[in-house]
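# Observations on chain architecture
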Amino acid sequence: MRRVQCNGARLSLRDVTEADVAALHAVYGDRTATQYMPFGPRSNEQVADLVQEALAAAAAEPRRLYMLAVVDTDHRDVIGVARLHIEADHPHSAEIGVGLRPDQWGRGMGTDLIRLLLAFGFKQLGLHRIWGARAPENLPAQLAMLTAGMVEEGRIRHHVHTPDGWRDSIVHSALHDEWTDR
């Protein structure tokens, strides 16, 4: 199994561990942090199950799912989670998703996180296309993706079912041959 370690100026990414459940629950269990996600707050047990799934996915060959802890390099705290899922039918392409604790919002961490994920996908995994979808109302995610170098592609109508009903998604992408390591 190949272990992930990707370092940036303010953040680093590494594989999640069982010891990260409480820190990840601070994202997945928080109503504010999950407001734009396609699910409501999750219990500690549900987060532990997600970590177990991530550990199993990390051992798979070929590895298609990367669930990564987002670590603040100054304090060494886990402040969020990042997912990169390589599409089975299109192994040159991957979907990303991110979540940060609300106390980290408004500091440019989302942009730094997306930049780090793009660098990981393009440089370490050799991907050609990386994309992500956001809720139309999630303007901070729009700004983070655009600032990180992703391009807004369009709207997928009724893309995900949330606890509040069907929701559209706005898709953003970056291509390796257009991407610059910012």
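See the structure above.
Rules used in this analysis
Residues numbered from 1 in each chain as written. Predicted model: local features only at pLDDT ≥ 70, side-chain atom pairs only at ≥ 80, totals over all residues. Heavy atoms only, no water. Core = buried A, V, L, I, M, F, W, Y, C linked by side-chain atoms within 4.5 Å. Buried < 20%, exposed > 50% of the residue type's maximum accessible area, 1.4 Å probe, protein only. Helix = DSSP H or I, 4+ residues; strand = E, 2+ residues; numbered from the N terminus. Contact = heavy atoms within 4.5 Å. Pairing = 2+ DSSP bridges. Axes fitted to C-alpha atoms, helices over the stretch in contact; angles between N-to-C directions. Parallel < 35°, antiparallel > 145°, perpendicular 65-115°, else oblique. Left-handed = near helix turned anticlockwise from the far one by under 90°. Salt bridge = Lys/Arg side-chain N within 4 Å of Asp/Glu carboxyl O.

### Things to note about the nonpolar core
With 32 residues, the main nonpolar core has Leu13, Leu68, Val70, Leu84, Ile114 and Leu118 as its most contacted residues. At the level of elements, strand 2 (11–15), strand 3 (65–72), strand 4 (78–86), strand 5 (93–100), helix 3 (109–124) and helix 4 (139–147) are the ones that each hand at least two residues to this core. Counting residues per element, this core draws most heavily on helix 3, at nine residues. For Val70, the contacting residues outside a window of four places in its chain are Leu11, Ser12, Leu13, Asp77, Val78, Ile79, Gly80, Val81, Ala82, Leu100 and Leu113. Counting residues in hydrophobic clusters, the runner-up holds 17 residues, among them Val16, Tyr28, Leu50 and Met67.

### Looking at the sheet that holds strand 6 (residues 129–134)
Strand pairing in a sheet takes place through backbone hydrogen bonds and is either antiparallel or parallel in direction. Pairing in this open sheet of eight strands is mixed, and the strands run 1-2-3-4-5-6-8-7 from one edge to the other. Among the strands making up the open sheet, the edge pair consists of strand 1 (5–7) and strand 7 (151–162). Neighbour to neighbour, the strand axes of the sheet diverge by 25 degrees on average, direction disregarded.

### Comments concerning the packing of helix 3 against helix 4
How two helices pack is summed up by the angle between their axes together with the distance between the axes. Where helix 3 contacts helix 4, the axes come no closer than 8 Å and their chain directions differ by 45 degrees. As summarised for this structure, helix 3 and helix 4 are arranged oblique, according to the angle between their axes. As for how helix 3 packs across helix 4, the hand of that crossing is right-handed. Each of Gly110, Thr111, Ile114 and Arg115 in helix 3 lies in contact with helix 4, whose residues at this interface are Ala144, Met145 and Thr147.

### A closer look at the pattern of salt bridges
Counted under the stated rule, the structure contains nine salt bridges. With its nearest N and O atoms 2.8 Å apart, the salt bridge here joins Arg14 to Asp20. Overall, Asp20 belongs to the buried group, its relative accessible area being 4%. A salt bridge links Asp112 to Arg115, with the nearest nitrogen and oxygen atoms 3.9 Å apart.

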